Amino acid sequence: MTLWVAVVWSLFLTAMPQAGAAVYRHTDERGNVVWSDRPGGTRTDVRAPQVLSPSKVLSEAVATPSAPAVFTPYQRVTLAPRSAPVTLDQARRGVPVRLETVPRLRDSDRVQLSVNGRPHQSPLASRVLVAMGLEAGRHELVAEVLDSSGTVRQRSPVMTLEILPAGVPASRP
């Protein structure tokens, strides 16, 4: 047992000078800064880094919550109406729907397309939304403006999109 204690103490004493060893700053011929334990450059004392307790950081974050950004409503949020019905083949490939906002969509906001009351796509920073894979019939489309936290803050009026059954031409009388 005493032999182990002696070995541990000798390792500890050998490592002690390394803990307080000097660090030298050298500049090579290309101007790159190199840090080393070899003398010859500028000696620099390196302090031990300050370690923060994770519980302290979490408690500070909880104690000082950031205030949510104030959402300013848009003067207008609309989906541009389509002048003609859409064929089933077109609907399966995707129907682009143009979004109009006044003022233009802010960088912090996103828009998602809702079809028949359900989100149809992920929120985007885009003025063109695409309704894809819709079946024949009438569908209610709404553009939803989401703030930076993902909360729906404003909705467009409902736009009805008619998709014709297979075999029915797009230009009906």
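Data block above holds the structure.
Here's what I pulled together on the structure shown here.

1. A closer look at unusual backbone geometry
- Cis rather than trans, the peptide bond between V102 and P103 has omega equal to -5°.
- With respect to the helices and strands, the residue P103 is situated in the loop between β6 (95-102) and β7 (110-115).
- Even without a glycine there, the phi angle at N116 is positive, about 55°.
- Mapped onto the elements of the fold, N116 is located in the loop between β7 and β8 (118-119).

2. Focus: the packing of aromatic side chains
- Within this structure, the stated rule accounts for one aromatic pair.
- Sitting above the plane of the F71 ring, R106 keeps its charged end 5.3 Å from the centroid.
- R106 extends its terminal NZ or CZ atom over the ring of Y74, reaching a point 4.1 Å from the ring centre.

3. Remarks on the nonpolar core
- Ranked by internal contacts, the top residues of the largest apolar core, which has 23 residues, are L79, V111, L113, L141, L161 and I163.
- In this structure L79 touches V97, R98, L99, L113, L129, L141, V142, A143, S156 and M159, once residues within four positions along its chain are discounted.

4. Some words on the sheet that holds strand β4 (residues 76-79)
- The three strands are arranged β4-β6-β9 in an open sheet whose pairing can be described as antiparallel. Two strands close off the open sheet at either side, each with one partner strand: β4 and β9 (128-131). Strand-to-strand twist in this sheet, taken as the mean axis angle between neighbours without regard to direction, amounts to 25°.

5. A short note on the pattern of salt bridges
- Scanning the entire structure with this criterion turns up six salt bridges.
- Taking the shortest distance from any N to any O, the salt bridge between R106 and D109 comes out at 3.2 Å.
- Taking relative accessible area as the criterion, R106 reaches 26% and is therefore assigned partly exposed.
- E144 is the partner of R155 in a salt bridge, and the nearest nitrogen-oxygen pair spans 3.1 Å. Note that R155 is positioned in strand β11 (residues 152-155) and E144 in strand β10 (residues 137-146), a separation of 11 residues in sequence.

6. Focus: the pairing of β9
- Side-chain alternation along β9 places L129 and A131 on a buried face and V128 and V130 on a face that remains uncovered.
- Looking at chain direction, β6 and β9 are connected through four bridges and run antiparallel. Across the sheet, the residue bridging to V95 is A131, located in β9.

7. Observations concerning the environment of L161
- Along the chain, the position of L161 falls in strand β12 (residues 159-164).
- Residues contacting L161, with those up to four places away along its chain left out, are R82, V86, V95, L134, G137, R138, H139 and L141.

8. A few points about the environment of V115
- Following the sequence through the fold, V115 ends up in strand β7.
- Relative accessible area serves as the criterion here: at 6%, V115 is assigned to the buried category.
- Spatially, the C-alpha atoms of V115 and E140 are 5.7 Å apart, while their sequence positions differ by 25 residues.
- When residues no more than four places from it in sequence are discounted, the contact partners of V115 are H120, L134, H139, E140 and L141.

Rules behind the numbers
Residues numbered from 1 in each chain as written. Predicted model: local features only at pLDDT ≥ 70, side-chain atom pairs only at ≥ 80, totals over all residues. Heavy atoms only, no water. Helix = DSSP H or I, 4+ residues; strand = E, 2+ residues; numbered from the N terminus. Phe/Tyr/Trp six-rings, centres within 6.5 Å; stacked < 30°, edge-to-face > 60°. Lys NZ or Arg CZ within 6 Å of the ring centre and 35° of its normal. Core = buried A, V, L, I, M, F, W, Y, C linked by side-chain atoms within 4.5 Å. Buried < 20%, exposed > 50% of the residue type's maximum accessible area, 1.4 Å probe, protein only. Contact = heavy atoms within 4.5 Å. Pairing = 2+ DSSP bridges. Axes fitted to C-alpha atoms, helices over the stretch in contact; angles between N-to-C directions. Salt bridge = Lys/Arg side-chain N within 4 Å of Asp/Glu carboxyl O.

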